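Read off the chains here:
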Amino acid sequence: MTAADHMAAFLARQPRQRVDFDALAGAADAGDSSLAASPGRRRLLADAARTLVHRGLATLPKGGDGWDYSAHPPLPRWVKRPPAARPPRHHPGPHAYVEQLRFATTLRLTAGDHALLGPVNALLRDQPDAEIIPVADRSYELYGDEKRLKNIERHHLVTKGLLDLNVHLRARPTPAPLAMYELGPAPWLLIVENTAAFTSLREILGTWPDRSQVGWLGFGEGDHLIASLPTAQASFRERDHPVDTLLLYADLDLKGLCCAQKASERARAVGLPPLQPAAGLYQALLTRPPRPQPSVAADDAHAAATWLPSHLAAPVAQLLTEGLVLRHEALPLPQLRSVLIPNAPLLPQIRDMVLPITPVISQPPPQSAPVQRCPST
């Protein structure tokens, strides 16, 4: 075997694409004990490197820093193996799908789509009336991976209304439960999205003198809140403590208001009472100093604020377009405690308080601040 042959054999065993030339030279030395002491070793190694290139087994450095010019002829400091050839694209052949999945025979689906539908097809063929179980359980049963169906609601076949979680997968989502605390017997639930405000309200409501006025207090934010809302129904049933009023106290920023709108749609879809703004708390928050945030496009600001009652929507939209927001921390525990008067009915103070609003305006952000856009719902 030549020096090039020994180097080629060594190169083929390497897991990395880039290989140091010193290692290749060592493989050539190991294959020919006389090479290491040969006066023509450098020339032989240079010829072997060119042979590797000619065979299509390696490429040499293009820049000068990839070469060793300490002697003649120059030697590469490293070589690169060519990238592995991509396997030919596999176009799955026709499948025999059950009637419920007949759509799969009329659409141009990817191999991944067929890999998803294959186990579902077997389930519907063998157990068409299988008990509806949690998605993670079904995922493990069908694919050996409990997370394979984790975001199945976003799959294009589901969003197009072709694949149904209950009908086809015989499964149901099991979101993490909404954190809820039964502080009193009143038929209302107040959900708070911020841990500081939640802790403060839990302290205030937990020591409210008339316990009959106090209801549930919940914690949830963002996507978790939207997904977990249906779990509140189970808590109401288990405690035999239903509610007729559902309130949300979120930050007065674009994210909080967009989340509130989505949560409101979710509550309506699962049969909960309408999700109302905690207007009394928001009104108190609007009297506090806001802080700068990238400004929001006027149309997006007004659209996001429509979840609020009209007397709050206008000043909130103005804040957002001016590059200002109000987070719960702007209304700390002492001020929050002073808003809720113990000798007056509690629920109207949280839900209905209507007083003249004189929001505090702080210094606006620089004009160069980027404009926020309302995320699509």
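Look up a bit, the structure's there.
These notes cover the structure that comes with them. Since this is a predicted model, take the numbers as computed values, not measurements.

About the thresholds
- Residues numbered from 1 in each chain as written.
- Predicted model: local features only at pLDDT ≥ 70, side-chain atom pairs only at ≥ 80, totals over all residues.
- Heavy atoms only, no water.
- Helix = DSSP H or I, 4+ residues; strand = E, 2+ residues; numbered from the N terminus.
- Buried < 20%, exposed > 50% of the residue type's maximum accessible area, 1.4 Å probe, protein only.
- Contact = heavy atoms within 4.5 Å.
- Pairing = 2+ DSSP bridges.
- Axes fitted to C-alpha atoms, helices over the stretch in contact; angles between N-to-C directions.
- Lys, Arg positive; Asp, Glu negative; His and termini not counted.
- Salt bridge = Lys/Arg side-chain N within 4 Å of Asp/Glu carboxyl O.
- Polar contact = N/O pair within 3.5 Å; in protein donor to acceptor, adjacent residues only side chain to side chain.

1. Here's the deal with the side chain of Thr231
Alright, step 1. Relative to the elements of secondary structure, Thr231 occurs in helix H9 (residues 231–239).
Alright, step 2. For Thr231, a relative accessible area of 18% puts it in the buried group.
Alright, step 3. Setting aside residues no more than four positions away along its own chain, Thr231 makes contact with Pro175, Ala176, Pro177 and Leu178.

2. With respect to the sheet that holds strand E8 (residues 188–192)
Alright, step 1. Taken in spatial order, the 5 strands of this open sheet run E7-E9-E8-E10-E11, and their pairing is mixed. Two strands bound the open sheet, and with one partner strand each, they are strand E7 (179–182) and strand E11 (275–277). Ignoring which end each strand starts from, the neighbouring axes of this sheet average 25° apart.
Alright, step 2. Of the strand pairs in this sheet, E8 and strand E10 (residues 245–249) are connected by 5 bridges, and their pairing is parallel. Its bridge partner lying in E10, Trp188 is registered against Thr245.
Alright, step 3. Relative to strand E9 (residues 216–219), helix H7 (residues 195–206) is tilted by about 165°, and along the sheet it contacts E7, E8, E9 and E10.
Alright, step 4. Packed onto the sheet, helix H10 (residues 254–269) meets E10 and E11 and runs at close to 150° relative to E11.

3. Observations concerning the side chain of Asp113
Alright, step 1. Along the chain, the position of Asp113 falls in helix H4 (residues 111–126).
Alright, step 2. Despite its burial, Asp113 pairs with no opposite charge; the closest candidate is Lys160, at 7.4 Å N-O.
Alright, step 3. At a separation of 3.5 Å, a polar atom in the side chain of Asp113 contacts the side chain of His155.
Alright, step 4. Beyond its immediate sequence surroundings of up to four residues, Asp113 is in contact with His155 and His156.

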